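Spelled out, the chains give:
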Amino acid sequence: MEQVPTSAAAKPPENVRLGILSMLLAMALMTIMNALAKILAESYPLGEVTFFRNLFALLPAVAMVAAAGGRSCLHTDHWQGHLWRAIVGLASMVLLFWAYHLMPLANAVAISYSAPLFLTALSVPLLGERVGAFRWGAVAVGFAGVLIMVQPGAEMIDRGSLVALTAAVCYALAMIAMRQLGRTEKPVTTVFYFTVVSTLLSALALPFGWATPDGHALALMAGMGIAGGGAQYFSTRAYSLARAVVVGPFSYASLIYATILGWLVWGDVPAPHVIVGATVVIGSGLLILYRETRRAAAAPPKTCTTHSGPGPIRTA
């Protein structure tokens, strides 16, 4: 979901090692955020958890603005685009947090990898993009992997899988909004306004569900928000340090992190069909990333573009 400046005139030299380390750190922070959201959702209303995640994420967002030059980078003439991106992004966040509550962490993260597949399918009617046979084939393989994971049968898929899939669709819509904003907006501008608007929108749910957090819960909420904002910062930094084809595949480390953390904290072990399905989805995502990278390399340089490669939903 990160936008990556690609101006040839100002692009710094690649630092592959630091780019990979930044992505691995971003995925570790994102996994921590997701785990804390899962823990907190067991005792606090989902709307409240979402609000505090966004509220505390303002701290790293403000730091990103300061590092990027201050108030000058916040100018925008596209308020409607930022509002729509915040609405669908917030919907994705809430649904994914709900999925974490309903199912094992690693399972929800694995299903979230289907977001780039939905993005490819939706880019045809919403962006007017042409999708060739190669990409459609990769999407078909990816959806086969999703079916392996969710295992629809006589009783259809369970509620957790359905919620996670809906979150992936909402995130695909958010990525489309990011593509449109990326034509004119700086990455830090979109990150900041998403965090601000998401905080305000999620606050609207507080009167309908509130449980006063104690000191321990408030510390967990602060850690969740800061980890989410930190994940956003380091993933954005990763794509600024190295090409998407280099750092993109390392976003799949979040599935490894989630599996380990889910086993240590909740004793969850992914079923074999989840592992097989996730492998298929990851493979199809890598094919799409490879194809997109080749197309980007052949296209004329643009002022700004949006990363839409593989990886889990970024709720950061």
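You'll find the structure just up there.
A brief report on the enclosed structure follows. Everything quoted here is computed from the prediction, not taken from an experiment.

Quick look at the packing of aromatic side chains now. Counted by the stated rule, this structure contains nine aromatic pairs. Judged by centre distance (6.0 Å) and plane angle (40°), the rings of Phe-52 and Trp-210 are tilted. With Phe-52 in helix H2 (residues 46-67) and Trp-210 in the loop between helix H8 (187-203) and helix H9 (215-241), this pair connects stretches of sequence that are 158 residues apart. Overall, the relative accessible area of 8% leaves Phe-52 in the buried class. Aromatic pair Tyr-233 and Phe-234: ring centres 5.0 Å apart, planes at 80°, arrangement edge-to-face. Judged by relative accessible area, Tyr-233 falls into the partly exposed class, the value being 32%. Taken together through their ring pairs, the aromatic side chains of Phe-51, Phe-52, Phe-56 and Trp-210 make up a single cluster. In this structure, Lys-38 is placed above the aromatic ring of Trp-266, and the distance from its NZ or CZ to the ring centre is 5.2 Å.

For H2, with 22 residues, the first-to-last C-alpha span of 32 Å sits near the 32 Å given by 1.5 Å per residue. Along its length, H2 reaches its greatest deviation from straightness, about 30°, at Leu-58, and the proline Pro-60 lies no more than four positions downstream. Immediately downstream of H2, the backbone of Gly-69 shows phi near 125°, a positive value.

Compared with an ideal rise of 1.5 Å per residue, which puts 14 residues at 20 Å, helix H11 (residues 253-266) spans 19 Å between its outermost C-alpha atoms and is within 8% of the ideal. Among the residues making up H11, those that are buried are Ala-253, Ser-254, Leu-255, Ala-258 and Gly-262. Looking one or two places after H11, you find Gly-267, whose phi comes out positive at around 75°.

Moving on: a nonpolar patch on the surface. On the surface, Ile-39, Ile-256, Ile-260, Trp-263, Leu-264, Val-265 and Val-269 cluster together into a nonpolar patch covering about 700 Å² of accessible area. Ranked by the residues each element gives to the nonpolar patch, the list is headed by H11, at five residues. Within the secondary structure, Trp-263 is located in helix H11. For Trp-263, a relative accessible area of 52% gives the class exposed.

Quick notes on the rules
- Counting of residues starts from 1 at the beginning of each chain's written sequence and follows it residue by residue.
- With the structure being a predicted model, the display of local features is reserved for residues of pLDDT at least 70 and the display and counting of side-chain atom pairs for 80 or more, all residues being used for whole-chain, interface and lining totals.
- Only heavy atoms go into the side-chain values, all of them from the structure, while hydrogens and water stay out.
- Any pair of Phe, Tyr and Trp rings, taking the six-membered ring for Trp, is counted once the centres come within 6.5 Å. Such a pair is stacked with planes under 30 degrees apart, edge-to-face with planes over 60 apart, and tilted for the rest.
- Put simply, DSSP marks the helices as runs of H or I at least four residues long and the strands as runs of E at least two long, and each gets a number from the N terminus on.
- Residue burial is assigned from relative accessible area. The probe radius is 1.4 Å, only protein chains are included, and a residue is buried under 20% of its type maximum, exposed over 50%, and partly exposed in between.
- For a lysine, the NZ atom is tested; for an arginine, the CZ atom; a charge sits over a ring if that atom is within 6 Å of the ring centre and within 35 degrees of the ring normal.
- Given the number of residues in a helix, its expected span is that number minus one, multiplied by 1.5 Å.
- The reported bend at a residue is simply the angle between two axes, fitted to the 7 residues ending at it and to the 7 residues beginning with it.
- In this scheme, patches are assembled from residues that exceed 30% relative accessible area and form no salt bridge. Like charges are connected within 9 Å, while nonpolar side chains (Val, Leu, Ile, Met, Phe, Trp, Tyr) are connected within 5 Å.
- Only the protein chains shown count as cover for residues, with accessible areas throughout obtained via the Shrake-Rupley method and a probe of 1.4 Å.
- Every case where a carboxyl oxygen of Asp or Glu lies within 4 Å of a side-chain nitrogen of Lys or Arg is listed as a salt bridge.

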